[in-house]
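In case you want the letters, here they are:
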Amino acid sequence: MHKIWVVFTKEWRDAWRDKKSLRMTLLMPVYFVGVFVASVLFALHMGNQARATTSEPIKLSVVGAEQLPALMDWLRERGVDVQPVGDDAYQQVEQAKLDYALIIPKDAAEKFATGESVELALVFDMTNSKVHGSLGFVRQQIWNWNGRMGSLRLLARGISPAIVNPVSVRDLNVASDEKMGFFVMLSLPTLLILTAFMSSVGFTADMVAGERERRSLESLLITPVTSSSLVLGKWLSAFSITLLVLVVEVFLFALAFHFLPFNELGLRVNVTPLDLLAVLLVLVSVGFIATGLQFLISIFARSFKDAQTYMGLMVFIPMVPLFYSMFNPSVYADWFRWVPILGQQVLIKDLLLGAQTNLWQFSQVWLVALVLGAVLLWFTARQLRKPGIVYGAT
């Protein structure tokens, strides 16, 4: 233990002396929390903009408004400001002089009187994102009027409107407010786990691949320190840096949850400091695996640059289960909790949703992390006994 402590303190001092790298590492949680805060504020801004749009009269330019006066009255009753426009409405929308326009054919009044179907044209530019909200409202009101007129026509002929609508659907959303709020935080588990994987990448590459590049591994191994003690000491230093970054990130997220106005989005996000401490405990298990994997990858790199390149690809490892769970949120099985990274992602999601968790679920992810991390470090220590690794032949 004394030899491990000596290696750890030496690497820890070297890490703190590299102020630039340490500063960039500690900026990572600030950046990730900033991305999360910006996404929430953007959603809040879009919500306020939508409310502002619906509170003002929606302007609708109509060609041939006199053909269907009943439709125009219906739209005006629902707050739409109907504005007649000339026959060049299509060209005006193309030239961005109008956002959108409704074109009613000249024979619409005659067809409507005889009970024929009338085809209306709603002209708009799909790339103009500002009109999507107003356009959806206008389209919905036209469909509502269409259904109302169809029912009146059936009643006039002595036919019940229920004949053409044999069933009706009523939406019942069983998702709690916390689950609805999680849609805003959908990227949060990804950001947290990526932080655990990326925190000590630069330091690990320097501790292992940097030693190979500087040809100093041989001099280290001829000291009275075994390869296992050397790997454990260096790993403990990298793991401590990861732990420091995770503590900073969880603290920043605690501040973000306290000050962000989730209630203005109509959502209830109830993440307590105790929940975040539990999340931190789960993330530490991720860091245990990540640092062990970093050491194993770095031992096969010939230089610091190669190690950074290889570990840059390592980031895709946690992305596979994360994307799978994001695109299949309803898919769940008990064996997910035994899969490295996926088990941690499921547990973090449960904690953020306020779901019931127990000690066994934490034990599962930690058991997997301890076994996998120990295997990775053991295999790394074995590589230090190979001449090809020590002398840089491979």
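Report follows, based on the coordinates.

What counts, and at which threshold
Residues numbered from 1 in each chain as written. Predicted model: local features only at pLDDT ≥ 70, side-chain atom pairs only at ≥ 80, totals over all residues. Heavy atoms only, no water. Helix = DSSP H or I, 4+ residues; strand = E, 2+ residues; numbered from the N terminus. Buried < 20%, exposed > 50% of the residue type's maximum accessible area, 1.4 Å probe, protein only. Contact = heavy atoms within 4.5 Å. Areas by Shrake-Rupley, 256 points an atom, 1.4 Å probe, with all protein chains shown as cover. Phe/Tyr/Trp six-rings, centres within 6.5 Å; stacked < 30°, edge-to-face > 60°. Core = buried A, V, L, I, M, F, W, Y, C linked by side-chain atoms within 4.5 Å. Pairing = 2+ DSSP bridges. Axes fitted to C-alpha atoms, helices over the stretch in contact; angles between N-to-C directions. Salt bridge = Lys/Arg side-chain N within 4 Å of Asp/Glu carboxyl O.

## So, the overall build of the chain
Here is step 1: When you go through the chain residue by residue, the secondary structure sums to 18 helices and four strands.
Here is step 2: Buried residues in the chain amount to 43% of all 394 residues.
Here is step 3: Counting contacts in the chain only where the partners sit at least 6 residues apart, residues at least 24 apart contribute 74% of the total.
Here is step 4: By element, 63% of the accessible surface of the chain is carried by carbon and sulfur atoms, the whole surface being about 21900 Å².

## Digging into the packing of aromatic side chains
Here is step 1: A full pass over the atoms with the stated rule returns twelve aromatic pairs.
Here is step 2: Ring plane angle 20° and centroid distance 5.0 Å describe the contact between Trp235 and Phe239, whose orientation is recorded as stacked. In this pair, Trp235 and Phe239 are both assigned in helix H12 (residues 227–259), four residues apart and thus about one turn of the helix distant. This pair shows no difference in class: Trp235 is buried, exactly as Phe239 is.
Here is step 3: Put simply, the rings of Trp235, Phe239, Phe288 and Trp366 pair up and form one aromatic cluster.

## Quick word on the nonpolar core
Here is step 1: Grouped together as the largest cluster of nonpolar side chains are 66 residues, with contacts concentrated most on Phe36, Phe197, Leu283 and Ile348.
Here is step 2: The element contributing the most residues to this core is helix H13 (residues 273–299), with 15 residues.
Here is step 3: By size, the runner-up hydrophobic cluster in this structure holds 21 residues, among which are Ile58, Trp74, Leu102 and Leu135.

## A word on the sheet that holds strand E3 (residues 100–103)
Here is step 1: A sheet is described by the order of its strands in space; here four strands give the open sequence E2-E1-E3-E4, paired in mixed fashion. One side of each edge strand has no neighbouring strand; the edge strands of this open sheet are strand E2 (80–84) and strand E4 (121–124). In this sheet, adjacent strand axes meet at a mean angle of 30° when their direction is disregarded.
Here is step 2: Pairing analysis gives five bridges linking strand E1 (residues 58–63) to E2, with the strands arranged parallel. Residue Ser61 lies in a different strand from E2, and its bridge partner there is Gln83.
Here is step 3: Lying on the sheet, helix H3 (residues 69–77) is in contact with E1, E2 and E3; it crosses E2 at an angle near 140°.

## A closer look at the pattern of salt bridges
Here is step 1: Overall, the coordinates contain six salt bridges when judged by the stated rule.
Here is step 2: Taking the shortest distance from any N to any O, the salt bridge between Arg17 and Asp14 comes out at 3.3 Å. Of this pair, Arg17 and Asp14 both sit in helix H1 (residues 2–17), three residues apart, roughly one helical turn.
Here is step 3: The salt bridge partner of Asp350 is Arg337, with a shortest N-O separation of 2.7 Å. Residue Asp350 is found in helix H16 (residues 342–353), and its partner Arg337 is found in the loop between helix H15 (316–327) and H16; the two are separated by 13 residues along the sequence.
Here is step 4: According to the relative accessible area criterion, Asp350 is buried, its value standing at 14%.
Here is step 5: Its relative accessible area of 8% is what places Arg337 among the buried residues.
Here is step 6: One network of salt bridges, with partners in common, ties together Lys10, Asp14 and Arg17.

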